[in-house]
Amino acid sequence: VVKSNQVTLIIEDDARLMPQLLNVLDELSKTIENTDIILRLFSVHHPDSYLWCEISSEIKITRPCRFGSTTTAYILNPQTASQLLQHSQKFWMPVDDYVDAEHISNCTIMHVVPELVKNGDQGVSTIGNRSKPPQGFISILKREIIRAAYKFYMLIHREIKLWRLGIKFNQKIKAQK
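Here the residue index of a chain counts from 1 through its sequence in written order. Local features in a predicted model are, by the rule used here, given only for residues with pLDDT of at least 70; side-chain atom pairs are given and counted only at 80 or more, and totals for whole chains, interfaces and linings are based on all residues. The side-chain values count all of the structure's non-hydrogen atoms but skip hydrogen atoms and water molecules.

Participant: For this particular structure, what's the right way to read the overall build of the chain?
Facilitator: Here a strand is any run of E in DSSP of at least two residues, a helix any run of H or I of at least four, and the numbering for each starts at the N terminus. Secondary structure assignment for the chain yields five helices and nine strands. Counting from the amino terminus, the chain carries its helices and strands in the arrangement β-β-α-β-β-β-β-α-α-α-β-β-α-β. We compute the radius of gyration from the C-alpha atoms alone; for a globule the expected value is 2.2 Å times N to the 0.38, where N is the number of residues. Relative to the 2.2 N^0.38 estimate, which gives 16 Å for 177 residues, the radius of gyration of the chain is 17 Å and therefore close to what a compact globule would have. Within the chain, the proportion of its 177 residues that are buried is 41%. Residues count as neighbours in contact if any of their non-hydrogen atoms are within 4.5 Å of one another. Counting contacts in the chain only where the partners sit at least 6 residues apart, residues at least 24 apart contribute 77% of the total. Only four residue types enter the charge count: Lys and Arg as positive, Asp and Glu as negative, with His and the chain ends excluded. For the purpose of locating charges, the reference atoms are NZ of Lys, CZ of Arg, CG of Asp and CD of Glu. The chain carries 22 positive and 18 negative side-chain charges, and their two centres are separated by 8 Å. Summary of the burial criterion: residues with accessible area below 20% of their type's maximum are buried, those above 50% are exposed, and those between are partly exposed, where the area comes from a 1.4 Å probe applied to protein chains only.

Participant: Any chance you could explain unusual backbone geometry here in plain terms?
Facilitator: Among all residues save glycine, negative phi is the norm, and among peptide bonds the norm is trans. The omega angle of the peptide bond from valine 113 to proline 114 is -5°, so this bond is cis rather than trans. Note that proline 114 resides in the loop between β7 (108-113) and β8 (117-119). The phi angle at asparagine 5 is positive, at roughly 60°, despite the residue not being glycine. The class for asparagine 5 is exposed, based on a relative accessible area of 64%. Phi at asparagine 106 is positive, roughly 60°, even though this residue is not glycine. Structurally, asparagine 106 is set in the loop between α4 (102-105) and β7.

Participant: Looking at this structure, how should I read helix α2 (residues 78-86)?
Facilitator: Along α2, the residues that are buried comprise Pro78, Thr80, Ala81, Gln83 and Leu84. Taken together, the buried residues of α2 touch β3 (37-40), β6 (73-76), α3 (95-100) and α4. Residue asparagine 77 occupies the N-cap position of α2, its side-chain oxygen lying 3.1 Å from the main-chain nitrogen of glutamine 79. What qualifies as a polar contact is a pair of N or O atoms within 3.5 Å, subject to a donor-acceptor requirement within protein and to the restriction that residues adjacent in sequence count only when both atoms come from side chains.

Participant: Honestly, a nonpolar patch on the surface in this entry has me stumped. Any pointers?
Facilitator: Patch membership is restricted to residues that have no salt bridge and whose relative accessible area is over 30%. Joining uses 9 Å for like charges and 5 Å for the nonpolar side chains Val, Leu, Ile, Met, Phe, Trp and Tyr. Each accessible area value is a Shrake-Rupley result obtained with a 1.4 Å probe; residue values ignore everything except the protein chains displayed when judging cover. Salt bridges are defined as contacts in which a side-chain nitrogen from Lys or Arg sits within 4 Å of a carboxyl oxygen from Asp or Glu. A cluster of nonpolar side chains, Phe137, Ile138, Leu141 and Ile145, forms an exposed patch at the surface whose accessible area comes to about 430 Å². For isoleucine 138, the location among the structural elements is in helix α5 (residues 137-165).

Participant: How should I be thinking about the nonpolar core in this particular structure?
Facilitator: Nonpolar side chains in soluble globular proteins tend to end up buried together. By convention a nonpolar core is built from buried Ala, Val, Leu, Ile, Met, Phe, Trp, Tyr and Cys residues, the set being connected through side-chain atoms within 4.5 Å. With 21 residues, the main nonpolar core has Leu28, Leu39, Leu41 and Ile75 as its most contacted residues. Counting only elements with at least two residues in this core, the list comes to α1 (20-32), β3, β6 and β7. Element by element, the count of residues in this core is highest for α1, at five residues. Residues within four places of isoleucine 75 in sequence aside, it is in contact with Val7, Thr8, Leu9, Leu25, Leu28, Ser29, Ile32, Ile37, Ile38, Leu39 and Leu41. Formed by eleven residues, the second largest nonpolar core is a distinct cluster that contains Tyr74, Leu84, Ala101 and Ile109.

Participant: Mind showing me how you'd approach the pairing of strand β4 (residues 49-54) here?
Facilitator: The side chains of a regular strand alternate between both faces of the sheet. Note that β4 and strand β5 (residues 60-64) share five bridges and pair antiparallel. Counted as the bridge partner of leucine 51 is threonine 62 from β5. By the convention used here, strands pair only if DSSP detects at least 2 bridges between them. Joining the antiparallel neighbours β4 and β5 is a turn of five residues. Pairing of β4 with strand β9 (residues 172-173) involves two bridges; the strand directions are antiparallel. Bridged to serine 49 within β9 is isoleucine 173.

Participant: Looking at this structure, how should I read the sheet that holds β4?
Facilitator: Sheet strands line up and pair through hydrogen bonds in the backbone, either parallel or antiparallel. Taken in spatial order, the seven strands line up as β1-β6-β3-β7-β5-β4-β9 in an open sheet, and their pairing is mixed. Every interior strand has two partners, whereas the edge strands, β1 (8-11) and β9, have only one. Bridge analysis of β5 against β7 gives three bridges, and the strand direction is antiparallel. Bridge pairing in β7 links isoleucine 61 to valine 112. Axis definition: a line fit to C-alpha positions, over the contact stretch in the case of helices; interaxial angles, taken between N-to-C directions, run 0 to 180 degrees. Its contacts with the sheet place α5 against β4, β5 and β7, and it is angled at close to 140° to β5.

Everything listed here is a matter of coordinates, which is why it stays silent on function.
What follows is the structure, given as structure tokens:
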């Protein structure tokens with residue numbers, strides 16, 4: 001993507017493109033040129049969001065109020081791809097979480113509403129054994145304190161980003177069901 005010098009659509013093998021994606025792909029690409037935006041086309045979670053811009057009467061780009069999750073399908077430009085690469089020299093989290101960790105990459109996650117891609121396996125991971133060994137109370141307590149602190153930090157970062165984008169008081173779009 002960095003070397004192509006073009007806005008690029010990235011899809012996983014289980015992504016199922018909706019027909020209307022082809023009708024708006026050029027417009028979506030133009031909208032995020034020369035920005036720090038990663039435009040997510042599918043999300044496991046569907047949080048409330050703020051309107052950023054309208055591509056058409058049916059298609060909107062929104063800023064989710066909280067994490068969306070997944071890298072099934074997204075659009076990014078060379079500058080944003082470069083930022084992701086620069087900040088991923090030491091990788092300690094799943095890619096889906098890294099992309100959502102805007103405070104690390106300085107990229108901005110936006111969602112397309114309605115989604116223009118479906119996930120062939122509904123977002124359920126097919127990688128490895130997902131069971132975890134039992135943990136003691138102290139280990140669980142430490143993990144949850146660290147997790148809560150991280151989520152609080154992310155919340156503050158996301159609020160600051162809303163103000164910087166100038167959309168804190170834009171139309172709020174209720175979560176998709």
